[in-house]
There are 2 protein chains.
Amino acid sequence: MSLFRPDVDRIAGYVPGEQPQESGWTKLNTNENPYPPSPRVAEAVQRAAGGRLNIYPDPLASQFRQAVADLYQVEPDWILPANGSDENLTILFRTFVDPGELASSPYPSYVLYETLADIQGAGYERLALNADWSWNWGLAEPVAAKSKLVLVPNPNSPSGNIWTDDELMRLLPDQGVLVVDEAYGDFRDASHGVEILQSEIGRRIVVTRTLSKSYSLAGIRCGFAIAHPDLIAGMRKVKDSYNCNTLTLAAGLAAVQDQEWMQHNTERIRSTRSRLTSELRTCGFDVVDSQANFVWATRDDGRHEEIYSQLKQRRILVRYMSFSDAVGDDEVDGLRISIGTDEEIDIFLRALSEIL
Amino acid sequence: MSLFRPDVDRIAGYVPGEQPQESGWTKLNTNENPYPPSPRVAEAVQRAAGGRLNIYPDPLASQFRQAVADLYQVEPDWILPANGSDENLTILFRTFVDPGELASSPYPSYVLYETLADIQGAGYERLALNADWSWNWGLAEPVAAKSKLVLVPNPNSPSGNIWTDDELMRLLPDQGVLVVDEAYGDFRDASHGVEILQSEIGRRIVVTRTLSKSYSLAGIRCGFAIAHPDLIAGMRKVKDSYNCNTLTLAAGLAAVQDQEWMQHNTERIRSTRSRLTSELRTCGFDVVDSQANFVWATRDDGRHEEIYSQLKQRRILVRYMSFSDAVGDDEVDGLRISIGTDEEIDIFLRALSEIL
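A. The overall build of chain A, seen in detail. When helices and strands are counted, chain A shows 12 helices and 13 strands. Taken over C-alpha atoms, the radius of gyration comes to 20 Å for chain A, in line with the 21 Å a tight globule of 356 residues would show. Along the first, second and third principal axes, the C-alpha set of chain A runs to 55 × 50 × 50 Å. Counting contacts in chain A only where the partners sit at least 6 residues apart, residues at least 24 apart contribute 71% of the total.

Encoded structure:
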């Protein structure tokens, strides 16, 4: 007899990217920002660390919510902070999806969505994409329509492409909620607000954001959801009371208040992204035009896994990803390469030219 | 049409104790430790804040798990760190309880257990206690037996009493898991390990611990579960990959490695607890002998809510709690008073003598 829920027995659990704890690696595998966070973050954390850590955090995260609300020109009751975007995704499932109801997301995409559906005992179906990462509307639209929760990363991972707001609107379920996961939103060429929420159907849309990528704060676990206050109020019932700790809230506040720092770094990453894309194409890769802090690179000769392994032997980590039955019945695989510093990308390109 | 799950619509959500964000309050309402954490914690956080916050935390929390494992004389795969004990409680429900299955806990006790059962779509029943906080075995034992998850805080809240390991064993479900929530375990007069896990039936028991209380770290959200590796492996599938952030893990490690600091503070709290208990009894309160960092005080004249309000007017917060149908059909209410510093308890006692 197993003590676990059958759904828990059944799943393997989400496997995050490799996180070597020793130094000496060129780490281009988990879409971290290669630049440090704003110096104001360390100051704020050091101040908070000398403060009253024996007291619970502000359960409403008032200052942080106000700062984020100002940034997106909404009221604070439109904002739900969380322990990373992962926690907001978990909260979304637990708020909106009953066991047996359907969740869906594009495929290939962030595989955590399916894991979360499994844990919730929900059904899960893929929203079909074409080989060029455009929607296969004939297959995708009916699945989205009948879902309780549709999750779309925009920009998408591993591809890095973006879809338009008009396309996203076509994926709004008839009687459910559309989640637009903008983890990589700050890396777009043109900045993009939450206009999509400011309409009648916007009352059924949740945008999620994270400080892990553009604000260089993967280590502090801080994300937030933006949605109509009616939706946020339900999600708040489900979250743990003190889900964001005192140090994270201090760091997050300082980071959000230093927009200049974040913009400067995302600009540098966009510039390196252009260069990496060109160089990879010169080396015989097909590369999707990326609006994120990574690129998706494939080759006709299919040497992806071998190149990944050879890079790893040189202590360079990229992400080898393989998606079965991705387009039609075809497997899609390739390399997802995070945008590092120019120096890191030089190390990567030198190694690559040796391997090829 | 509501977009929410019916269970989410139905619940009010857990309401945490009041957390005024401005200073000037004597705060004896949420069982925080009045003493600061070990100075090593601020040092560790400051060091971590100057480190690589742009990189994800160690998803295995290896150093922290090793330190906790050493403390409890188990292997690291017996330990699951979490974003506060609240997250481990959430993980326990999502790992072991399917919708429609039964969870149970003593009543009166920590009300979050019932909220988590509601969110999970589980059934919930109370394990009956007598007026003196002993078990009503005739009622409690059959409910525990048929539960999938039994949750027992030991020491209990709001009463502060403890139950013996032999009593806890009688509450082990026939085909489920017993959770012993030892959030207040370090405040017991005699230290208490996890011997309860070292037996065949121990393979169906999970002990949860937190750094919020005895280690004075409510602000950093750090708890851990201790259980047989088979149980921990299933719980790990359900948790978010990076549930504990870099700063929390650094703080938690430093705190656990300074046992002397924690022991010194818990000893002071035990001493203040004795004094407060005597003084309250002198003022006409009935006070349960407490093994936690709070006391449960009641009066025959039933003036609990009025006293709470009058204290609040003086900027002194204690917790007024009311439990309907607690013993038989009787409502139980009273004041739960956290053990502050001796100075804070003096302020409280002076105000109390004015009110009475």
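B. Summary view of the pairing of strand 3 (residues 102–107) of chain A. All names here are of chain A. Where burial is concerned, most of strand 3 is hidden: 5 out of the 6 residues are buried. Taken together, the 6 bridges between strand 3 and strand 4 (residues 123–128) define a ladder with parallel strand orientation. Residue pairing in the sheet places Pro106 in a bridge with Leu127 of strand 4.

C. Layout of the interface of chain B and chain A. Taken together, the contact pairs 65 residues of chain B with 65 residues of chain A. For the side of chain B that touches chain A, the elements supplying multiple residues, two or more each, are helix 2 (39–49), helix 4 (84–96), helix 8 (229–238) and helix 9 (246–256) of chain B. Sort the elements by how many residues they give to the side of chain B that touches chain A and helix 4 of chain B lands first, with 7 residues. Among the residues making up the side of chain B that touches chain A, the classes are represented as 29 nonpolar, 23 polar and 13 charged.

D. Layout of the sheet that holds strand 2 (residues 79–82) of chain B. Residues and elements named next belong to chain B. Spatially, the 7 strands line up as an open sheet ordered 2-8-7-6-5-3-4, and their pairing is mixed. In this open sheet, the two strands that pair with only one neighbour each are strand 2 and strand 4 (123–128). Put simply, the sheet's adjacent strands are angled 20° from each other on average, direction ignored. Where strand 5 (residues 149–153) lies against strand 6 (residues 177–181), 5 bridges are found, and the strand directions are parallel. When the sheet's bridge partners are listed, Val150 is paired in strand 6 with Leu178. Its contacts with the sheet place helix 8 against strand 2, strand 7 (205–210) and strand 8 (223–226), and it is angled at close to 30° to strand 2.

E. Layout of the nonpolar core. Among the nonpolar cores identified, the biggest contains 146 residues, and Val45, Leu149, Leu217 and Ala251 of chain A together with Val45, Leu149 and Ala251 of chain B are the most heavily contacted of them. Every residue in contact with Leu149 of chain B, bar those within four places of it in the chain, is listed here: Leu92, Phe93, Phe96, Val97, Ala103, Gly176, Val177 and Val179 of chain B.

F. Broad picture of the sheet that holds strand 9 (residues 286–287) of chain B. All names here are of chain B. Strand order in the open sheet formed by 4 strands is 9-10-13-12, and the pairing between neighbours is antiparallel. Looking along the sheet, the strands with just one partner apiece sit at the ends: strand 9 and strand 12 (319–327). Each of strand 9 and strand 10 (294–298) touches helix 10 (residues 259–282); the most contacted strand, strand 10, lies at about 5° to it. Lying on the sheet, helix 11 (residues 304–313) is in contact with strand 10, strand 12 and strand 13 (330–338); it crosses strand 13 at an angle near 30°.

G. Structural view of the packing of helix 2 of chain B against helix 9 of chain B. Residues and elements named next belong to chain B. Close contact between helix 2 and helix 9 brings their axes to 8 Å; oriented N to C, the two are set at 150°. Judged by the angle between their axes, helix 2 and helix 9 are roughly antiparallel. As helix 2 runs across helix 9, the sense of the crossing is right-handed. In contact with Arg40, Val41, Ala44, Val45, Ala48 and Ala49 of helix 2, helix 9 contributes Thr246, Leu247, Ala250, Ala251, Leu253, Ala254 and Ala255. For the contact of helix 2 with helix 9, the residue count by class is 11 nonpolar, 1 polar and 1 charged.

H. Inspection of the environment of Thr30 of chain B at higher detail. Tracing the backbone shows Thr30 of chain B in the loop between strand 1 (26–27) and helix 2. Put simply, Thr30 of chain B and Ser338 of chain B are 308 residues apart on the chain and 6.7 Å apart in space, counted from C-alpha to C-alpha. Residues in contact with Thr30 of chain B, not counting those within four places in the same chain, are Tyr56 of chain A together with Gly17 and Ser338 of chain B.

I. Layout of unusual backbone geometry. Residue and element names in this part refer to chain A. Pro108 follows Tyr107 through a cis peptide bond whose omega is 0°. Tracing the sequence through the fold places Pro108 in the loop between strand 3 and helix 5 (112–119). Residue Asn31 is not a glycine yet carries a positive backbone phi of 55°. Of note, Asn31 is situated in the loop between strand 1 (26–27) and helix 2 (39–49).

J. Main features of the packing of helix 4 (residues 84–96) of chain A against helix 5 of chain A. Residues and elements named next belong to chain A. Packing of helix 4 against helix 5 brings their axes to within 10 Å, and their N-to-C directions diverge by 40°. Considering the angle they form, helix 4 stands oblique to helix 5. Classified by chirality, the crossing of helix 5 by helix 4 is right-handed. Each of Asp86, Leu89, Thr90 and Phe93 in helix 4 lies in contact with helix 5, whose residues at this interface are Leu112, Leu116 and Ala117. Residue composition of the contact of helix 4 with helix 5, grouped by class: 5 nonpolar, 1 polar and 1 charged.

K. Structural detail: the relation of the copies chain B and chain A. Take chain B, turn it by 180°, move it 0.0 Å along the axis, and it overlays chain A with an RMSD of 0.0 Å. The superposition of one copy onto the other is thereby described by a two-fold rotation axis. Considering only C-alpha atoms, the residue of chain B closest to the rotation axis is Gln46 of chain B, which sits at 2.7 Å. Both copies share a contact surface, since 100% of the interface residues of chain B are interface residues in chain A too.

L. Region of interest: the domain arrangement of chain A. All names here are of chain A. The domain boundaries assigned to chain A delineate domain 1 (20–36 + 260–355) and domain 2 (39–258). Inter-centroid distance (C-alpha atoms) of domain 1 to domain 2 is 24 Å. Domain 1 puts 27 residues into the contact, and the matching count from domain 2 is 24 residues. The set of elements that each furnish at least two residues to the side of domain 1 that touches domain 2 consists of helix 10 (259–282), strand 10 (294–298), strand 12 (319–327) and strand 13 (330–338). In terms of residues, the side of domain 1 that touches domain 2 owes the most to one element, helix 10, which gives 7 residues. For the side of domain 1 that touches domain 2, the residue count by class is 15 nonpolar, 7 polar and 5 charged.

M. Representation of the confidence of the model for chain A within the structure. Model confidence for chain A is summarised by a mean pLDDT of 95, while 100% of its residues fall at 70 or above. We note a pTM of 0.96 for the whole complex and an ipTM of 0.96 for its interfaces.

N. Structural view of the pairing of strand 2 (residues 79–82) of chain A. Residue and element names in this part refer to chain A. A two-sided burial pattern is seen for strand 2, the buried positions comprising Ile79 and Pro81 on one face and Leu80 and Ala82 on the other. Taken together, the 4 bridges between strand 2 and strand 8 (residues 223–226) define a ladder with antiparallel strand orientation. Within strand 8, the position partnered with Pro81 by the bridge is Phe224.

O. Inspection of the environment of Thr210 of chain A at higher detail. All names here are of chain A. Locating Thr210 in the fold gives a position in strand 7 (residues 205–210). Of the residues examined, Thr210 has 24 C-beta atoms within 10 Å and is grouped as buried. Leaving out residues up to four positions away in the same chain, Thr210 has contacts with Gly84, Ser85, Ala183 and Gly223.

Definitions and cut-offs
- Residues numbered from 1 in each chain as written.
- Chains lettered and ligands numbered in written order.
- Predicted model: local features only at pLDDT ≥ 70, side-chain atom pairs only at ≥ 80, totals over all residues.
- Helix = DSSP H or I, 4+ residues; strand = E, 2+ residues; numbered from the N terminus.
- Rg over C-alpha atoms; globule rule 2.2 N^0.38 Å.
- Contact = placed C-beta atoms within 7 Å.
- Buried ≥ 20, exposed ≤ 12 C-beta atoms within 10 Å, placed from the backbone.
- Pairing = 2+ DSSP bridges.
- Nonpolar A, V, L, I, M, F, W, Y, C, P; charged D, E, K, R; others polar.
- Axes fitted to C-alpha atoms, helices over the stretch in contact; angles between N-to-C directions.
- Core = buried A, V, L, I, M, F, W, Y, C linked by C-beta atoms within 7 Å.
- Parallel < 35°, antiparallel > 145°, perpendicular 65-115°, else oblique.
- Left-handed = near helix turned anticlockwise from the far one by under 90°.
- Least-squares fit on C-alpha atoms with pLDDT ≥ 70 in both.
- Domains from an automatic or database assignment.
- pLDDT = per-residue confidence, 0-100.

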